[in-house]
Amino acid sequence: MTKTYHPEVKRLLDGELTLAELAPELRAEGEEALRLMRVLDRAPVTLSAELDHRVMATVRQRARSPAWRVWRWLSAPREVELRLRVPRWTVWGGALAAAAALALLLTRSPAPVPSDAVAAQREVVFVRFVLYAPGAKRVTVAGTFNQWDQNAAPLVPAGTGGVWTTTLAVPTGQHQYAFVVDGRRWVADPAAPAVDDGFGRRNSIIAVTTQGARTL
Amino acid sequence: MDSRDATTDAEIVQAVLGGDVERYAVLVERYRDRYARYAAGMLGSRDAAEDAVQDALVRAFDRLADCREPARFAGWLFLILRNRCFAERRQRQREGVLPEEAADSVAAPERSDRAVEERERTRVLERALLRLTAEQREVFVLKHVEGLSYEEIAQRTGATVPSLKMRMHRAYDQLRELMKEQV
């Protein structure tokens, strides 16, 4: 005697057929299959209340470790993955193509290489800045990459939870920066190391390389 | 912390990444029990499920910066838990732990309101379920315990609906055979 279910009985178990839709000769097998499913334990499983405490104790311990802070900082910008790298040959190739097109269209001599094409050779990396500032009305980031202009780079709220974020094109190199909350309070990035600026404030430091941004 | 907190998962993830580690407690409370039954179904006991859920929540925190869609934290956490459950089953197989040993505290505690015969059938079915492959067991648990459709299971696991059906139909046959052996 075969121990496999008839394909129609499997459809019954899948919920695609009802028992009444089964051929009469398959109903006994169908009933047997449904009896099997009826004894299945579907009661909710509640875990012990201690689980929350254990998880949070471990989480707090991990959060204090420099490794987690570095990992958080290194990993977060990768969500954006908008690194802009313009190889030299692309710039010159693009300029030559544009020049050739102009020559054909205007029957003029090739155009000079646009001056901004040279600037495009400078490498920039897109870096995401995040600050948790609940209750803030306005948050900006100022640093060596924008001549400490506290109005140049506003952050925008990510939802209503007090998280502010922005992504900036930052030239490669080492930079100092700080967040400016509500136009008056300068706040160092809690996710990056900071140094004294000599005026009683703390500035955060990042190194921006073609491999990404990292804390020092 | 209160799981009824109206803050979205995405906002909490961003806050934690922004340095407010205590906010992670909201996610812990929100999801600690949601996948417990799945883990118990996969591993055969509440204790094993608790260990798995705890590990998954800690691992999710460790890798929170990798959560590319914070709004879908729940699905991402499920995948971490799923990997943890599969890894434990593989380890059990390597160590030669018999499924029956793990099934002793399967989610069928003594209940006064359940007939002895039915309880025995439940126990036999749970033991039979532990003999399925991890993939067969998963699709069975998600469909018949969690009540998901094949389409929903496909979304969660990344498998296609036809392959899930094939796994399930083989599981039905195997369960029937195992039940006849054990009864």
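These numbers were taken from a predicted model, which means no experiment stands behind them. Within every chain, residues take consecutive numbers counted from 1 along the sequence as written. Labels are handed out in written order, letters beginning with A for the chains and numbers beginning with 1 for the ligands. Side-chain atom pairs in this predicted model are given and counted only at pLDDT of 80 or more, local residue features only at pLDDT of at least 70, and totals for whole chains, interfaces and linings cover all residues.

1. Side note on the overall build of chain A
From N to C terminus, chain A includes 6 helices and 9 strands. It is the C-beta atoms, placed from the backbone, that decide contacts: two residues are in contact if theirs lie within 7 Å. Looking at chain A alone, contacts between residues at least 24 apart form 55% of all its contacts between residues at least 6 apart. Under the DSSP-based scheme used, a helix requires at least four consecutive residues in state H or I and a strand at least two consecutive residues in state E, with every element numbered from the N terminus.

2. What about the overall build of chain B?
The helix and strand inventory of chain B stands at 10 helices and 0 strands. Listed by position from the N terminus, the elements making up chain B come as α-α-α-α-α-α-α-α-α-α. Residue burial in chain B is summarised as follows: out of 183 residues, 42% are buried. Buried residues are those with 20 or more other C-beta atoms within 10 Å of their own C-beta, exposed residues have 12 or fewer, and partly exposed residues lie in between; C-beta atoms are placed from the backbone.

3. A word on the packing of helix α3 (residues 36-43) of chain B against helix α4 (residues 46-62) of chain B
Residue and element names in this part refer to chain B. Put simply, α3 and α4 touch, their axes get as near as 8 Å, and they point 120° apart. By the angle between their axes, α3 is oblique relative to α4. Crossing of α3 against α4: the hand is right-handed. Residues A36, A39, A40 and L43 of α3 form the contact with α4, whose participating residues are R46, A48, A49, A52 and V53. Within the contact of α3 with α4, the residues separate by chemical class into 8 nonpolar, no polar and 1 charged. The axes are straight lines fitted to the C-alpha atoms, using for helices just the contacting stretch, and the angles between their N-to-C directions are given from 0 to 180°. We call two directions roughly parallel when the angle between them is under 35 degrees, roughly antiparallel when it is over 145, roughly perpendicular when it lies between 65 and 115, and oblique otherwise. Two helices that cross are described as forming a left-handed crossing if the nearer one is turned anticlockwise from the farther one by less than a right angle, and a right-handed crossing if clockwise. Residue polarity follows a fixed list, in which Ala, Val, Leu, Ile, Met, Phe, Trp, Tyr, Cys and Pro are nonpolar, Asp, Glu, Lys and Arg are charged, and the others, Gly among them, are polar.

4. Digging into the nonpolar core
The nonpolar core is taken to be a set of buried Ala, Val, Leu, Ile, Met, Phe, Trp, Tyr and Cys residues joined by way of C-beta atoms within 7 Å. In this structure, A39, V53 and L81 of chain B are the most contacted members of the largest nonpolar core, which totals 85 residues. Residue contributions to this core peak at 8 residues, all from α4 of chain B. Discounting chain neighbours no more than four positions away, the residues touching V53 of chain B are L47 and L51 of chain A together with R32, Y35, A36, A39 and L81 of chain B.

5. Thoughts on the pairing of strand β5 (residues 173-181) of chain A
Side-chain positions along a regular strand alternate between the two faces of the sheet. Residue and element names in this part refer to chain A. When DSSP finds two or more bridges between a pair of strands, those strands are recorded as paired. Across 5 bridges, the pairing between strand β2 (residues 139-143) and β5 is antiparallel. Its bridge partner being in β5, A142 is matched across the sheet by A178. Relative to strand β8 (residues 202-209), β5 runs antiparallel, the two sharing 5 bridges. When the sheet's bridge partners are listed, Y177 is paired in β8 with S204. Bridge analysis of β5 against strand β6 (residues 185-187) gives 3 bridges, and the strand direction is antiparallel. Note that in β6 the partner of F179 across the bridge is V187. Counted between consecutive antiparallel strands, the loop separating β5 from β6 contains 3 residues, among which D182 sits at a positive phi close to 55°.

6. Examining the sheet that holds strand β3 (residues 156-157) of chain A
All names here are of chain A. Pairing in this open sheet of 3 strands is antiparallel, and the strands run β1-β4-β3 from one edge to the other. The sheet terminates laterally at β1 (124-132) and β3, the two strands that pair on one side only. The pairing of β3 with strand β4 (residues 163-171) spans 2 bridges and is classified as antiparallel. Bridged to V156 within β4 is T165.

7. Describing the interface of chain B and chain A
The extent of an interface is frequently quoted as the accessible surface area lost upon association of the parts. With 49 residues of chain B at the contact, the number on the chain A side is 43 residues. Elements with a minimum of two residues in the side of chain B that touches chain A: α1 (9-17), α2 (24-31), α3, α4, α7 (116-130), α8 (134-145) and α10 (161-182) of chain B. Of the residues belonging to the side of chain B that touches chain A, the class tally is 23 nonpolar, 9 polar and 17 charged.

8. What to know about the packing of helix α1 (residues 7-14) of chain A against helix α2 (residues 27-38) of chain A
All names here are of chain A. The interhelical angle for the contact between α1 and α2, taken along N-to-C directions, is 35°, at an axis separation of 10 Å. Crossing handedness for the pair α1 and α2: right-handed. Residues V9, L12 and L13 of α1 form the contact with α2, whose participating residues are E29, G30, A33 and M37. Each residue belonging to the contact of α1 with α2 can be placed in one class, and the counts come to 5 nonpolar, 1 polar and 1 charged.

9. Overview of α2 of chain B
Burial within α2 of chain B is extensive, with 7 of its 8 residues counted as buried. Here α2 of chain B has its buried residues at Y24, A25, V26, L27, V28, R30 and Y31 of chain B. The inward-facing, buried residues of α2 of chain B contact α3 (50-64) of chain A together with α1, α4 and α5 (73-95) of chain B.

10. Some details on α1 of chain B
All names here are of chain B. Among the 9 residues of α1, 8 are classified as buried, and the element is accordingly described as predominantly covered. Among all positions of α1, only D9, E11, I12, V13, Q14, A15, V16 and L17 are buried. Taken from the residues just after α1, G19 is the one with a positive phi, measuring 115°.

None of this, on its own, says anything about what the molecule does.
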